Amino acid sequence: METRVKKTLRALKERIAKHQTFIQQEGGESFEADFVWNEPASEAEILSLIETTGWMIPKDYQEFLLLHNGASLFKAEMSAMKLHSIKELLTYFEEYEEFYKYAYPKS
């Protein structure tokens with residue numbers, strides 16, 4: 001049975017393959033969006049992330065990481081929706097006290 005994550009990614013990739021990446025925003029602006037998919041993470045890398053940080057990583061995100069260890073979705077000149085890689089998550093965790101503690105809760 002295809003999971004929700006796999007089904008969603010498959011449908012999005014089908015749209016991209018058909019060159020349906022043209023996005024129109026609510027203000028009428030439009031742009032061609034790019035998508036960048038990282039290589040998969042391993043189960044060991046995900047377990048190491050959980051053990052190192054103590055974070056509860058949602059099962060859907062773990063499944064995504066096994067398919068693509070991060071991605072940039074709907075990427076345009078100055079913006080993108082970013083799904084972080086394990087390396088990026090660990091960098092955030094390591095730099096939290098110095099840079100992020102006033103902006104985000106540690107959890």
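Residues numbered from 1 in each chain as written. Predicted model: local features only at pLDDT ≥ 70, side-chain atom pairs only at ≥ 80, totals over all residues. Heavy atoms only, no water.

### Structural notes on the packing of helix H2 (residues 43-53) against helix H3 (residues 59-67)
One can describe the packing of H2 onto H3 by two numbers: an axis separation of 9 Å at closest approach and a directional angle of 140 degrees. Judged on the interaxial angle alone, H3 and H2 are oblique. Taken as a pair, H2 and H3 cross one another with a handedness that is right-handed. In this structure, H2 uses Glu-43, Ile-46 and Ile-50 to contact H3, whose residues at the interface are Gln-62, Leu-65 and Leu-66. (Axes fitted to C-alpha atoms, helices over the stretch in contact; angles between N-to-C directions. Helix = DSSP H or I, 4+ residues; strand = E, 2+ residues; numbered from the N terminus. Parallel < 35°, antiparallel > 145°, perpendicular 65-115°, else oblique. Left-handed = near helix turned anticlockwise from the far one by under 90°. Contact = heavy atoms within 4.5 Å.)

### Considerations on the pattern of salt bridges
Within this structure, the stated rule accounts for four salt bridges. The residue Arg-10 makes a salt bridge to Glu-2 at a minimum N-O spacing of 2.9 Å. The residue Glu-14 makes a salt bridge to Arg-10 at a minimum N-O spacing of 3.1 Å. Taken together, the positions of Glu-14 and Arg-10, both in helix H1 (residues 4-17) and four residues apart, correspond to about one turn of that helix. Via salt bridges that share partners, Glu-2, Arg-10 and Glu-14 belong to a single interconnected network. (Salt bridge = Lys/Arg side-chain N within 4 Å of Asp/Glu carboxyl O.)

### Focus on H3
Looking only at H3, the buried set comprises Tyr-61, Gln-62, Glu-63, Phe-64 and Leu-65. The secondary structure elements touched by the buried residues of H3 are H1, strand S3 (34-37), H2, strand S4 (71-75), strand S5 (81-83) and helix H4 (86-100). (Buried < 20%, exposed > 50% of the residue type's maximum accessible area, 1.4 Å probe, protein only.)

### So, the nonpolar core
Residues Tyr-61, Phe-64, Leu-65 and Ile-86 are the most contacted members of the largest nonpolar core, which totals 20 residues. The set of elements that each furnish at least two residues to this core consists of H1, H2, H3, S4 and H4. Residue contributions to this core peak at four residues, all from H4. When near neighbours in sequence (up to four residues on either side) are disregarded, Leu-65 contacts Pro-40, Ala-41, Ile-46, Gly-70, His-84 and Ile-86. (Core = buried A, V, L, I, M, F, W, Y, C linked by side-chain atoms within 4.5 Å.)

### Here we look at the sheet that holds S5
The strand order across the open sheet built from three strands is S3-S4-S5, with neighbouring strands paired in antiparallel fashion. Edge positions in the sheet fall to S3 and S5, since each of these pairs with one other strand and no more. Strand-to-strand twist in this sheet, taken as the mean axis angle between neighbours without regard to direction, amounts to 10 degrees. Where S3 and S4 come together, three bridges link them in antiparallel fashion. Its bridge partner being in S4, Val-36 is matched across the sheet by Ser-72. Sheet contacts for H1: S3 and S4; angle to S3, the most-contacted strand, approximately 130 degrees. (Pairing = 2+ DSSP bridges.)

### Quick look at the pairing of S4
Examined bridge by bridge, S4 and S5 share three bridges and lie antiparallel to one another. By the bridge assignment for S5, Leu-73 is matched with Met-81. Hairpin connection between S4 and S5: a loop of five residues separates the two successive antiparallel strands.

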